Amino acid sequence: MPAERTAAIAAPKAPPGPFASFFRDFSENRAALVGLILLGLLVFIAIFANLLAPYSPIEQFREFTRIPPAWVEGGNRAFLLGTDEIGRDMLSRLIFGARLSLFIGLSVVVASMAVGIVLGLVAAFAPGWPSIVIMRAMDVILSVPSLLLAIVIVAIIGPSLTNTIVAITVVYLPYYVRLVRASALQEKTRDYVTAARVGGAGTLRIMFRTVLPNCMAPIIVQAALTISNAILEAAALGFLGLGAQPPSPEWGAMLASAREFLQSAPWIVTEPGLAILITVLAINLVGDGLRDALDPKMRRS
Amino acid sequence: MKIFARLLAATMLVAGVASAAEAKTLVYCSEGSPENFNPQINTTGTSFDAARPVFNQLVEFEPGTTKIRPGLAESWDVSPDGMEVTFHLRKGVKFHSSKTFKPTRDFNADDVLFSFNRMWKEDSPYHKVSGGAYDYFNDMEMPTLLKSIDKLDDYTVKFTLNKPNAPFLANLGMDFATILSAEYADAMLKAGKPEMVDQQPIGTGPFTFVAYQKDAVIRYKAFPDFWGPKAKIDDLVFAITKDPTARWAKLQKNECQVMIGPNPADLDAMGKDPNVNLLSQPGLNIAYLAFNTTKPPFDKKEVRQALTMAIDQPTIIKDVYGGAGQAAKNFIPPTIWSYNDKIEPYKYDPAKAKEMLKAAGVQEGFESDLWWMPVTRPYNPNAKRVAELMQADFEKVGIKTHLVSFEWGEYRKRMQAGEHQMGQLGWSGDNGDPDNFFFLLGCEAARPGGQNIAKWCNKDFEDLFQKAKTTFDLAERAKMYEQMQVIAHEEAPVFNIAHSVVYEPIRKNVTNYKVSPLGRREFAEVGLE
């Protein structure tokens, strides 16, 4: 009994775990919380698109072209958000489009983060020519406007979904490389790294096991912000006809193909536009929240 | 942001030009950038439109009709056997001048000889300039048709033919038969910049070329010494605006007064706008899907017939053309004489199509490409949407298609080279003669690089085609063309999608603008109030 009592008394006094404290900081930011809920919803929709979408995104209901959303006059309850210019259900297309957009965003982030971490650590730990080659290459990439570079890459390797991902990954690579290198250089000189080295750890182990975990916070924030930019850029490429090819329900491509109906059937244009807006907004809010919560300088004690 | 800034700058430039309208300026919202300014080496309406204000031909089409009237030739005689055509040239016709060139003489027979020899004779110093491909000249079979072109005196030129050719005069009114300045060409050759002839055009037309900025603007000004009636406007501007919705927005704001290729979806609003006249004319055109008959399984006519049956044509007409098109069953539009109305179109029947494909040995899940052009054409407002509809149709009969497109110039080049399996293209007639449509299915144009993109060469069809060319009796010719339509229907080298009705919205203050049945934009006689 005494032991139990001690525990009960001790518990509130114990410092909260790192995750709990992070979440406390994070949820103090109302906007970030809203963003997180929206994002969660989007992820849920994307994962269960097959179950949630009423129809296939490429099925054409040729009797029902350009039906307005259900609540507008002339709408049809079978098509909640209306149909597009060749009779495909907008709701289904938007739902599958969410999957496509989040997939692009996530793939770009994972790919550019993985490659960026490796290159960044190499640049930090091999100060000779490898560092020079890597960093100057990144400078070259950075010197070209990002969308332009993506367009050039896609134009060379041909328009498709995979190539879009490759192109945007290349565009975002330098940010990770520079970020990782900068924080790794800083961490490298710390005492704990020296201690590890004295303890006999090899360079690889120091790079990935000792230094990397301590550089993760800014990388995670950068990742969150990249997702939204990647989605925007994929939409821009899709709009220009260089992204996912028809008939895939990519939001940017949907916007582009419906431009001519801007005046006569505005929902075909506004709905994918809103979808992009909401997604990007949600991700940015979460990203801001992450930054506030993870950045020690901004953390309230 | 930079792109936006540039767009803004371009828009302001065009707007600035439009607002300086005290000197009467007509702005035409065109759909794309011309490849160059020499119609001899071009094949697109976009490029022809851009060169037309600057040039003339020996004979020309009366605006708004397909009738021939004298151009640079005042009159002509045809010999009784139809083998010789003698042109009497107009005197006192001045060429334009530019910063680099001042003409020292008037137009004469040398210019005619130079212009035709450039396309015809390999020993012409200009034959290889700017790529040296004269698609129109070759596809109209001019090299085999022409025996000689002789200068009888400075103002008389005689064309001798190898065989009588009924459409010959109408062909000379087409853009490829444009007359360039021989003196200018010599000067540029001496200066070592022969391709300037195709980039900085010097002609005899109602407007002189001023400046061109790719994807932005082309500027012309009226030529005071023009031989015909003087232009009623002072400046002519082509504001290159690729997006049809943007063109319509500009027209509404009076940033341009004439536009090409409206969206079918906007036609309603255009008809209601009090400041806009919506002109229309049944188009002398055809949009089609060509099957590349050199690639299996498209070499089998059963396969081509089955694919034709698999396409839901009424839906394409409804969803892509809106009210602005009629389903096509023949390769020529019904407004052309010799249209064979007895042809029964293939019925939409996916089940039967699937059976036929199976019988022809096409596996379920066969993969093909399906090309769509990246630009609005007068005969096809949205090729991408047509492709998406066809993709779903083909899916139903077990054929997987991926959609392919390239930049417009590249697109045609690759397709003429025969890289595609199935691809869309179309045609706007140039002279109102059935010959001008059927050559697209002829053997001559089926060569690699030729304009027959089905690459289809059928002996019966070709024989009739050649015979009709040398027949002057209209009724007899019509019979042959009718027979050719029966063959083309049976063989199905192309799927005939539609003939569009051409709409051209213009501002109410534009006078004397006529929609050309030949799909041209002509500004020589247009005025502005």
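What you see as residue numbers is a count from 1 along each chain, following the sequence as written. Here every chain gets a letter starting at A, and every ligand a number starting at 1, in the order they are written. Restriction of local features to residues with pLDDT of at least 70 applies here, the model being predicted, together with a cutoff of 80 or more for giving and counting side-chain atom pairs; totals for whole chains, interfaces and linings are based on all residues. As a convention, hydrogens and water are excluded, and side-chain values are obtained from all of the structure's heavy atoms.

J.: Explanation requested: the overall build of chain A in the structure shown.
T.: Each helix and strand counted, chain A has 12 helices and 0 strands in total. Ordered by position from the N terminus, the helices and strands of chain A form the series α-α-α-α-α-α-α-α-α-α-α-α. By principal-axis analysis of the C-alpha atoms, chain A measures approximately 75 × 65 × 30 Å. When accessible area is computed with a 1.4 Å probe and restricted to protein chains, residues below 20% of their type maximum are described as buried, those above 50% as exposed, and intermediate ones as partly exposed. Residue burial in chain A is summarised as follows: out of 301 residues, 45% are buried. What counts as a helix is a DSSP run of H or I of at least four residues, what counts as a strand is a run of E of at least two, and both are numbered from the N terminus.

J.: Just checking my understanding: could you explain the pattern of salt bridges for this structure?
T.: All names here are of chain B. Basic side-chain nitrogens of Lys or Arg form a salt bridge, by our definition, when they fall within 4 Å of a carboxyl oxygen of Asp or Glu. Summed over all chains, the structure comprises 41 salt bridges over all chains. Among the salt bridges present, the one from Arg 477 reaches Asp 433, with a minimum N-O distance of 2.9 Å. Here Arg 477 is found in helix α18 (residues 474-491), whereas its partner Asp 433 is found in the loop between β17 (422-428) and α16 (435-438), with 44 residues between them in sequence. The exposure class of Asp 433 is buried, given its relative accessible area of 9%. We note a salt bridge from Glu 522 to Arg 520, for which the minimum N-O separation is 3.1 Å. Accessibility classification places Glu 522 together with Arg 520 in one group, the buried group. Through salt bridges with shared partners, a single ionic network connects Asp 49, Arg 52, Asp 175, Glu 504, Arg 520, Arg 521 and Glu 522.

J.: Got a minute to help me understand the nonpolar core in this structure?
T.: If you look at soluble globular proteins, the nonpolar side chains tend to sit buried side by side. What makes a nonpolar core is a set of buried Ala, Val, Leu, Ile, Met, Phe, Trp, Tyr and Cys residues whose side-chain atoms join them at distances within 4.5 Å. B:Leu58 and B:Phe116 are the most contacted members of the largest nonpolar core, which totals 144 residues. Among the elements that make up this core, the one with the highest residue count is helix α3 (residues 109-120) of chain B (7 residues). In contact with B:Phe116, other than residues within four places in its own chain, are B:Leu58, B:Phe137, B:Ile149, B:Phe159, B:Leu172, B:Ala177 and B:Ile179. By size, the runner-up hydrophobic cluster in this structure holds 50 residues, among which are A:Leu42, A:Tyr176, A:Ile276 and A:Val280. It only takes one pair of heavy atoms within 4.5 Å for two residues to be counted as in contact.

J.: Before we go on, may I ask you to explain empty space enclosed by the protein in this structure?
T.: It is a probe the size of a water molecule, rolled over the atoms, that shows where empty space is left. Residue and element names in this part refer to chain B. The pocket and cavity definitions rest on a 1 Å grid over protein atoms only: a 1.4 Å probe that fits but cannot leave marks a cavity, an open set with protein on both sides within 12 Å along at least five of seven lines marks a pocket, and residues lining either have an atom within 4 Å of a point. Grid points are joined across faces, edges and corners, and a volume is the space filled by probe spheres set on the points. Under the defined criterion, the tally for this structure stands at 7 cavities of 30 Å³ or more. Within this model, the largest cavity holds a volume of roughly 350 Å³. Lining the largest cavity we find 31 residues, and of these Thr 43, Thr 44, Gly 45, Arg 377 and Ser 428 sit closest to its centre. Of all the secondary-structure elements, those providing two or more residues to the lining of the largest cavity are α2 (45-51), α15 (408-416) and β17. Looking at the lining of the largest cavity residue by residue, the classes come out as 12 nonpolar, 10 polar and 9 charged. Gly is put with the polar residues, along with every residue not named as nonpolar or charged; the nonpolar set is Ala, Val, Leu, Ile, Met, Phe, Trp, Tyr, Cys and Pro, and the charged set is Asp, Glu, Lys and Arg.

J.: Explain the packing of helix α2 (residues 18-28) of chain A against helix α12 (residues 267-294) of chain A to me, please; I cannot follow it from the model alone.
T.: Helix-helix packing: each pair is described by the crossing angle between the helix axes and the interaxial distance. Residue and element names in this part refer to chain A. To get an axis, a line is fitted to the C-alpha atoms, and for a helix only the part in contact is used. The angle between two axes follows their N-to-C directions and goes from 0 to 180 degrees. Where α2 meets α12, the closest approach of the two axes is 9 Å, and the angle between their N-to-C directions is 125°. Considering their axes alone, α2 and α12 lie oblique with respect to each other. The handedness of the crossing between α2 and α12 is right-handed. Across the interface between the two elements, Phe 22, Asp 25 and Phe 26 of α2 pack against Val 286, Gly 289, Leu 290, Ala 293 and Leu 294 of α12. Put simply, angles under 35 degrees are roughly parallel, angles over 145 are roughly antiparallel, angles from 65 to 115 are roughly perpendicular, and the rest are oblique. A clockwise turn of the near helix away from the far one marks a right-handed crossing, whereas an anticlockwise turn of less than a right angle marks a left-handed crossing.

J.: Can you walk me through the pairing of strand β1 (residues 25-30) of chain B in this structure?
T.: Looking along a regular strand, one sees the side chains alternate between the two faces of the sheet. Residue and element names in this part refer to chain B. Among the 6 residues that make up β1, 6 are buried, leaving the element largely enclosed by the rest of the structure. Of the two faces of β1, both are covered, the one formed by Thr 25, Val 27 and Cys 29 as well as the one formed by Leu 26, Tyr 28 and Ser 30. Two strands qualify as a pair provided DSSP detects at least 2 bridges between them. Pairing of β1 with strand β10 (residues 235-240), which is carried by 6 bridges, proceeds in the parallel orientation. Pairing of Cys 29 across the sheet is with Ala 239, part of β10. In the sheet, β1 pairs with strand β11 (residues 258-259) via 2 bridges, with the strands oriented parallel. Looking across to β11, one finds that Tyr 28 is bridged to Val 258.

J.: Is there a simple way to explain the interface of chain B and chain A in this structure?
T.: It is common to report an interface's size as the accessible area lost on association of the parts. Contacts between the two partners involve 21 residues from chain B, matched on the other side by 16 residues from chain A. Here chain B and chain A share an interface that buries about 1800 Å² over both sides, 45% of which is from carbon and sulfur atoms. Of all residues in chain B, B:Ala265, B:Arg385 and B:Glu388 give up the largest surface area on contact with chain A, accounting jointly for 28% of the area buried on that side. In this assembly, chain B and chain A are joined by 4 salt bridges. A:Arg62 is the partner of B:Asp312 in a salt bridge, and the nearest nitrogen-oxygen pair spans 3.2 Å. What qualifies as a polar contact is a pair of N or O atoms within 3.5 Å, subject to a donor-acceptor requirement within protein and to the restriction that residues adjacent in sequence count only when both atoms come from side chains. Viewed at the interface, chain A and chain B are joined by 9 residue pairs in polar contact (both at pLDDT 80 or more). Those elements that place two or more of their residues in the side of chain B that touches chain A are α9 (244-252), α12 (313-321) and α14 (383-396) of chain B. When residues in the side of chain B that touches chain A are grouped by element, the largest group, 7 residues, is from α14(B). Of the residues belonging to the side of chain B that touches chain A, the class tally is 6 nonpolar, 6 polar and 9 charged. Accessible surface is computed with a 1.4 Å probe, and the buried area is the amount of it that two parts give up when combined, taken over both parts together.

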